[in-house]
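Listed here are the chains, written in short residue letters.
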Amino acid sequence: MLTVQGPDTPGLLRVLAWVLNGMTVRVQHALLETTPDDMTRDSLWVTDFRGQKLTDSSAESLRSRLEDFLIVCGTEVAVTNDEWQCGAIEVSNTVHPELTQVIVRGEPSAHKPGFLLELTTALTGVGASIVAGAIQGGPDAPLPESAVADPDYDFKQGRFFKFMLRGPTGSKMNADQVVSLIFILRLLEGKGAMPTVAPNMDAVLREAAYGVSGVSSRCG
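Once a new chain begins, its residue numbering starts again from 1 and follows that chain's sequence as written. Thresholds applied to this predicted model are a pLDDT of at least 70 for local features of residues and 80 or more for the giving and counting of side-chain atom pairs; totals over whole chains, interfaces and linings are not thresholded and use all residues. Only hydrogens and water are set aside; all other atoms, that is, all heavy atoms of the structure, feed into the side-chain values.

Let us now look at the side chain of Gln136. Going along the chain from the N terminus, every DSSP run of H or I of four or more residues is numbered as a helix, and every run of E of two or more is numbered as a strand. Examined against the element boundaries, Gln136 turns out to sit in strand 7 (residues 129-136). Looking at Gln136, the relative accessible area reads 6%, which means it is buried. Here a polar contact is recorded for every N or O atom pair within 3.5 Å, except that within protein the pair must consist of a potential hydrogen donor and a potential acceptor, and residues adjacent in sequence are included only if both atoms are side-chain atoms. A distance of 2.9 Å separates a polar atom in the side chain of Gln136 from the backbone oxygen of Gly138. Discounting residues that sit within four places of it in the chain, Gln136 has contacts with Ala141, Ser146, Ala147, Val148, Ala149, Phe155, Arg159 and Phe160. Here the term buried applies to any residue with accessible area under 20% of the maximum for its type, exposed to any over 50%, and partly exposed to those in between, with areas from a 1.4 Å probe on protein chains only. Throughout, a residue-residue contact means that at least one pair of heavy atoms, one from each residue, lies within 4.5 Å.

Written out as structure tokens, the structure is:
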């Protein structure tokens, strides 16, 4: 049995399921609970993909890996009451009287296909609608209006994204919605609680043997 307890965080179950899948672990039964004070208390009965009980070493690797990945950007992302920043993601409610501005500088890989689809899916997933926006993929923008990148921006990081959004209620996004959005965008970047490449048991065992880790889960 696997027990997860702590503050309820947007996307927590998705991160949990992602790590379990990457480590070839299957959830056979589960009880998912959230307390009145917004604390998560999840109990999961798991096996490997063959339906067998995990060995002690596999269970310990899973415990360690979950501790590594269940780290998120929380209240520290707030710059002011109306502006938030976490790594390459910047959100502001001060730019427009009715809309929220979201800027994403770069992407996991400049050649990774599908990042725009993932990005817009994340925006839609938190109930936001895109009213206006621009994407700049190089220093020579075809139109002046699409030249939205910072003057010193390095396009080797990937494209520069800027969107103006309405939140689920048709107005600006509130603080809780912004934190949820930033959390999900960090997952897409591969710099939050979940990189874009799933961990697997072989990689975990190599790390245990040689003490090598290429994962960073902190904000910034």
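Any two of the Phe, Tyr and Trp rings considered here, Trp counted by its six-membered ring, make a pair once their centres fall within 6.5 Å; the pair's planes then place it as stacked at under 30 degrees, edge-to-face at over 60, or tilted in between. Here the structure, examined in full by the defined rule, presents 4 aromatic pairs. Summarising the aromatic geometry, the rings of Tyr153 and Phe155 are spaced 5.0 Å apart at their centres and angled 90 degrees between planes, so their arrangement reads as edge-to-face. Taking 5.3 Å as the distance between ring centres and 80 degrees as the angle between the ring planes, the aromatic pair formed by Tyr153 and Phe160 counts as edge-to-face. Neither residue differs from the other here; Tyr153 and Phe160 are each classed as buried. Joined through ring pairs, the aromatic side chains of Phe115, Phe161 and Phe163 make up one cluster.

Pairing in this open sheet of 5 strands is antiparallel, and the strands run 4-5-6-8-7 from one edge to the other. Edge strands, defined here as strands with exactly one partner in the open sheet, are strand 4 (83-86) and strand 7. Between one strand and the next, the sheet's axes are offset by a mean angle of 10 degrees, whatever the strand orientation. Strands qualify as paired when DSSP identifies two bridges or more between them. Pairing between strand 5 (residues 89-92) and strand 6 (residues 100-105): 4 bridges, direction antiparallel. Along strand 6, the bridge assignment pairs Ile89 with Val104. Simply put, an axis is a line fit to the C-alpha atoms, just over the touching stretch for a helix, and the angle between two N-to-C directions goes from 0 to 180 degrees. Taken strand by strand, helix 3 (residues 115-125) contacts strand 6, strand 7 and strand 8 (160-166), and its axis lies near 25 degrees from that of strand 8. Helix 4 (residues 175-189) contacts strand 4, strand 5, strand 6 and strand 8 of the sheet and is inclined by roughly 160 degrees relative to strand 5.

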